[in-house]
Protein chains: 2
Amino acid sequence: MQRYFIKNEQLKNDLIYIDGQDLHHIKNVMRMRLEDIVEVCDEEENLYICNIIEINKNNVVLNIQETLKPNVELPTSITIALGLTRSSKLEEVLRRITELGASGFIPVEMKRSVVRIKDEKASKIDRMNMIVKEAAEQSKRTKLLEVKEPVKLENLIANSSDYDILVYSYEDLKTDSKNKFKNIISTFKNKRVLVIVGPEGGFSPEEVDELNSKGFIAIGLGPRILRLETAPLYIMSAISYELEL
Amino acid sequence: MQRYFIKNEQLKNDLIYIDGQDLHHIKNVMRMRLEDIVEVCDEEENLYICNIIEINKNNVVLNIQETLKPNVELPTSITIALGLTRSSKLEEVLRRITELGASGFIPVEMKRSVVRIKDEKASKIDRMNMIVKEAAEQSKRTKLLEVKEPVKLENLIANSSDYDILVYSYEDLKTDSKNKFKNIISTFKNKRVLVIVGPEGGFSPEEVDELNSKGFIAIGLGPRILRLETAPLYIMSAISYELEL
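A quick note: this is a predicted structure, and the numbers were derived from the prediction, not measured. (Residues numbered from 1 in each chain as written. Chains lettered and ligands numbered in written order. Predicted model: local features only at pLDDT ≥ 70, side-chain atom pairs only at ≥ 80, totals over all residues. Heavy atoms only, no water.)

**Some details on helix α7 (residues 231–244) of chain A**
1) Next: The end-to-end C-alpha separation of α7(A) is 19 Å, in line with the 20 Å expected for 14 residues at 1.5 Å each.
2) Next: Counting buried positions along α7(A) gives 13 out of 14 residues, so the element sits mostly inside the fold. (Helix = DSSP H or I, 4+ residues; strand = E, 2+ residues; numbered from the N terminus. Expected span 1.5 Å × (residues − 1). Buried < 20%, exposed > 50% of the residue type's maximum accessible area, 1.4 Å probe, protein only.)

**Examining the side chain of E73(B)**
1) Next: With respect to the helices and strands, the residue E73(B) is situated in the loop between β6 (60–68) and β7 (77–83).
2) Next: In this structure the side chain of E73(B) is engaged in a polar contact, spanning 2.7 Å, whose partner is the side chain of R141(B).
3) Next: Only 3.1 Å separates the side chain of E73(B) from the backbone nitrogen of K143(B), close enough to count as a polar contact.
4) Next: Leaving out residues up to four positions away in the same chain, E73(B) has contacts with R224(A), E45(B), R141(B), T142(B), K143(B) and E244(B). (Polar contact = N/O pair within 3.5 Å; in protein donor to acceptor, adjacent residues only side chain to side chain. Contact = heavy atoms within 4.5 Å.)

**Things to note about the interface of chain B and chain A**
By convention, interface size is frequently given as the accessible area that disappears when the constituent parts associate.
1) Next: With 38 residues of chain B at the interface, the matching set in chain A holds 38 residues.
2) Next: Considering only the surface of chain B that becomes buried against chain A, R224(B), Y241(B) and L245(B) emerge as the three largest contributors, covering 25% of it.
3) Next: Between the two partners, chain B and chain A, sit 8 salt bridges.
4) Next: Between E244(A) and R224(B) there is a salt bridge, with the nearest N and O atoms lying 2.9 Å from each other.
5) Next: For the pair chain B and chain A, the interface holds 30 residue pairs in polar contact (both at pLDDT 80 or more).
6) Next: Secondary-structure elements contributing two or more residues to the side of chain B that touches chain A are α2 (87–99), α5 (180–185) and α7 (231–244) of chain B.
7) Next: For the side of chain B that touches chain A, the element with the highest residue contribution is α7(B), accounting for 8 residues.
8) Next: A breakdown of the residues in the side of chain B that touches chain A according to their chemical character gives 14 nonpolar, 10 polar and 14 charged. (Buried area = accessible area lost by both parts, 1.4 Å probe. Salt bridge = Lys/Arg side-chain N within 4 Å of Asp/Glu carboxyl O. Nonpolar A, V, L, I, M, F, W, Y, C, P; charged D, E, K, R; others polar.)

**A closer look at the pattern of salt bridges**
Pairing is possible between side chains that carry opposite charge, provided their charged atoms lie close to one another.
Residue and element names in this part refer to chain A.
1) Next: Applying the stated criterion across every chain, the model contains 34 salt bridges over all chains.
2) Next: Linking D22 and K133 is a salt bridge whose minimum nitrogen-to-oxygen distance equals 3.1 Å. Of the two residues, D22 sits in helix α1 (residues 20–29) while K133 sits in helix α3 (residues 123–138), which places them 111 residues apart along the sequence.
3) Next: Overall, the relative accessible area of 12% leaves D22 in the buried class.

**Description of the packing of aromatic side chains**
1) Next: The final tally for this structure, using the stated rule, is 7 aromatic pairs over all chains.
2) Next: Relative to Y241(B), the ring of F181(A) has its centre 6.0 Å away and its plane inclined at 80 degrees; by these criteria the two rings are edge-to-face. Of this pair, F181(A) sits in helix α5 (residues 180–185) while Y241(B) sits in helix α7, placing the two residues on different chains.
3) Next: When its relative accessible area of 0% is taken as the criterion, F181(A) is described as buried.
4) Next: Judged by centre distance (5.8 Å) and plane angle (50 degrees), the ring pair of Y168(B) and Y170(B) falls under tilted. (Phe/Tyr/Trp six-rings, centres within 6.5 Å; stacked < 30°, edge-to-face > 60°.)

**Let's talk about the environment of E244(A)**
1) Next: Within the secondary structure, E244(A) sits in helix α7.
2) Next: Between the alpha carbons of E244(A) and E171(A) there is a distance of 26 Å; along the sequence they are 73 residues apart.

**Observations concerning the confidence of the model for chain A**
1) Next: For chain A, per-residue confidence averages 94 on the pLDDT scale, and 96% of positions sit at 70 or higher.
2) Next: The ipTM value of the predicted complex is 0.94, and its pTM value is 0.95. (pLDDT = per-residue confidence, 0-100.)

**Some details on the environment of K191(B)**
All names here are of chain B.
1) Next: With respect to the helices, strands and loops of the structure, K191 is situated in the loop between α5 and β12 (192–197).
2) Next: Classification of K191 as partly exposed rests on a relative accessible area of 35%.
3) Next: In this structure, the C-alpha to C-alpha distance between K191 and E244, residues 53 residues apart in sequence, is 15 Å.

**Considering the relation of the copies chain B and chain A**
1) Next: Here chain B sits on chain A after a turn of 180 degrees about the axis and a move of 0.0 Å along it, with an RMSD of 0.0 Å. What the superposition gives is, in effect, a two-fold axis relating one chain to the other. By C-alpha distance to the rotation axis, the residue of chain B lying nearest is A238(B), at 2.7 Å.
2) Next: Of all interface residues in chain B, 100% are interface residues in chain A too; the two copies therefore contact each other through one and the same surface. (Least-squares fit on C-alpha atoms with pLDDT ≥ 70 in both.)

**Let's talk about the packing of helix α2 (residues 87–99) of chain A against α3(A)**
Each pair of packed helices gets described by two things: the angle between the helix axes and the distance between those axes.
All names here are of chain A.
1) Next: Packing of α2 against α3 brings their axes to within 8 Å, and their N-to-C directions diverge by 30 degrees. When the interaxial angle is binned, α2 and α3 end up roughly parallel. Of the two possible hands of crossing, α2 and α3 adopt the one that is right-handed. Between α2 and α3, the contacting residues are S87, L90, E91, L94, R95 and T98 on the first element and K124, R127, M128, I131, V132, E134, A135 and A136 on the second.
2) Next: In the contact of α2 with α3, the residues fall into 7 nonpolar, 2 polar and 5 charged. (Axes fitted to C-alpha atoms, helices over the stretch in contact; angles between N-to-C directions. Parallel < 35°, antiparallel > 145°, perpendicular 65-115°, else oblique. Left-handed = near helix turned anticlockwise from the far one by under 90°.)

This is the structure:
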């Protein structure tokens, strides 16, 4: 069934008002009619089963038939900050981490990033939000991942007080600390966690020093070298495995 | 450094003889010369650092400078059998599970597969083996994943005595058994494990009955619906996380 994600203010007196792109989608893409059924999620992770009671120029009005509260979201808020790289790779990671339950995504320009922020077009954020909507719907999530504007690593670090736990994935991790990821995952529960994954060439030594000095914890992901597209999926899978299974 | 994978018989009297595609790669793609250094892995997971001492029409001869035994392979043999689908998806999964340490890959025709075995060309196996080599080299593995010919599910089940543990990923798993994956992963150590992941439409009810009756254990991968491209990565990541971190 088609699923839409709304802001809380779109729900008034037990009716839901859909406008903007979702209005276009219901009317012109799905060509839905009165009494057709759709699913709607609000910002509180409620899931409403609704029938369409009105379609006009400005909005579609939905009547709530049933309210559900499925427990499908990770019990932690994970933001993946990924070394800025080609759009196709960013988008693949974004799609998969949305399926795997991440809450946020930030492309980050680092010293070895093959792409620079000035090359990024604003339209890319719109496209990324479309990917998130699609993936959230397909994976039956009740919450949308938030895509943030690309930032430089120094700015991300400067604003990291928004998070409770700071982590970065580091492939050159010495053996004696290789267990840290397993040891800290259980502390992620109900916390806001920022996980930084480096670009193709990895973090520079200066970046590693800076992360360490600002309280970021280095985690290792096993003995094989994972690509930038694979590391975030390993991290999200491990978190789900540890906290949800 | 460039890495090649050899059969044990290519190592004779402390010299390594490279022929075939790898000969072509060294001579014509990499344009290597005498005394250039390459890495070679044999079937026992030894890693040899070698210099080139001879390049002729039929082979490249390598002298072993150093023998290493890095511990980078999963302590279990995991074969992922994936519902037959479009080549681009099969190849993406193959690349990622190679990075993540899988030992085998089998495309499987199931009732709801969108692609049939008769559509598959023999050349695809060659292409898949190239992907495995690339991914194994990049992830610094010492072992190549084995790509098997596509089979029908009934034939895979009939030949499943090659494996010690039989598992399938089932999204409709009832809640009371949802912990099984976590409970059984620790039993995977030093075993040959076959994990079947269904096609886009999932397993048919008859297939589920058949798998259950033949001793396959159903595992759930959490509350969200994962795509066929994502489920194998979740499984491999969880196994690495549990057995290697």
